[in-house]
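Examination of the molecular architecture
Here's the letter readout for the chains.
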Amino acid sequence: MADQTHVLFVEDDDVIREATQLALERDGFAVTAMPDGLSGLESFRADRPDIALLDVMLPGLDGVSLCRRIRDESTVPVIMLSARADSIDVVLGLEAGADDYVTKPFDGAVLVARIRAVLRRFGHAGGGDRAESAGAADAGGVLGFGDLEVDTDGMEVRRAGRPVALTPTEMRLLLEFSSAPGTVLSRDKLLERVWDYGWGGDTRVVDVHVQRLRTKIGQDRIETVRGFGYKLKA
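Numbering of residues begins from 1 in every chain and follows the order in which that chain's sequence is written. Local features are withheld for residues below a pLDDT of 70 in this predicted model, meaning they are given only at 70 or higher, and side-chain atom pairs are given and counted only at 80 or more; totals for whole chains, interfaces and linings count all residues. Hydrogens and waters are ignored; side-chain quantities use all the structure's heavy atoms.

**Digging into unusual backbone geometry**
Defined as follows: Numbered from the N terminus, helices here are DSSP runs of H or I no shorter than four residues, and strands are runs of E no shorter than two. Only protein chains enter the accessibility calculation, which uses a 1.4 Å probe. A residue is then buried if its area is under 20% of the maximum for its type, exposed if over 50%, and partly exposed in between.
The step from Lys104 to Pro105 runs through a cis peptide bond, and the omega angle for that step is 0°. Within the fold, Pro105 resides in the loop between β5 (100-103) and α5 (108-121). A positive phi angle, near 50°, is found at Arg48, a position not held by glycine. Of note in the backbone geometry, Ala160 takes a positive phi value of approximately 55° without being a glycine. Inspection of the secondary structure assignment puts Ala160 in the loop between β8 (156-159) and β9 (162-163). The exposed category is assigned to Ala160, whose relative accessible area is 57%.

**As for the pattern of salt bridges**
Convention followed: By salt bridge we mean one thing: a side-chain nitrogen of Lys or Arg within 4 Å of a carboxyl oxygen of Asp or Glu.
Tallied over the full model, the rule gives 16 salt bridges. For Asp14, the salt bridge identified is with Arg17, shortest N-O distance 2.7 Å. Of the two residues, Asp14 and Arg17 both sit in helix α1 (residues 14-26), 3 residues apart, roughly one turn of that helix. For Arg17, a relative accessible area of 12% gives the class buried. Residues Asp100 and Arg114 are paired through a salt bridge, measuring 3.1 Å at the closest nitrogen-oxygen approach. One end of the pair, Asp100, is in strand β5; the other, Arg114, is in helix α5, and 14 residues separate them in sequence. Judged by its relative accessible area of 12%, Arg114 falls in the buried class. Several salt bridges share partner residues, and in doing so they unite Glu11, Asp55 and Lys104 into one network.

Keep in mind these numbers describe shape, not what the thing actually does.
This is the structure in structure tokens:
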């Protein structure tokens, strides 16, 4: 398991859990599968996986609450799995700290592609191999925007001299904005660059992450350009 990407998969449906575990293992992942939220949390704390796949509807501790508990302790990537594309399910999962979501029923190849896309953002390669971390901003150094400082070499952010804790997805998003301050970036462009979507994705993922980022770096630092996207105030 040490040489493989370790996936924690929490799903209460026995058929889905077993079939998905087998599919992921065939693609080279090491998988720990748990049937409920509490056992999933225990497994997360014991094994510290590389990525967590969490069903929204779980007994004991639901997936959104489990995601919050994980996010309180770690920046490990989280993908939510939902039987519905319901706006409330999607937004609650993303607001809890999830990096992406997949709607059930899902195709195994699509799920693997989404897992690998998330892992690339976090500096891992899917199916076992590790990859070097890559930032969105190629130029190194410390960039300043008012009281906000972005260290693109050290991958650190400070606001008014105090460190700001960002998840890797939030950091990638901020790097995209800081590499082109004052430039409007569309939601589709951000999905392509940050989430590695080579196809149209759900722009709610962008909107929720921008809002989460605003709460950490300042609500007025990222401006909404209605009908076009977002831009970082220079």
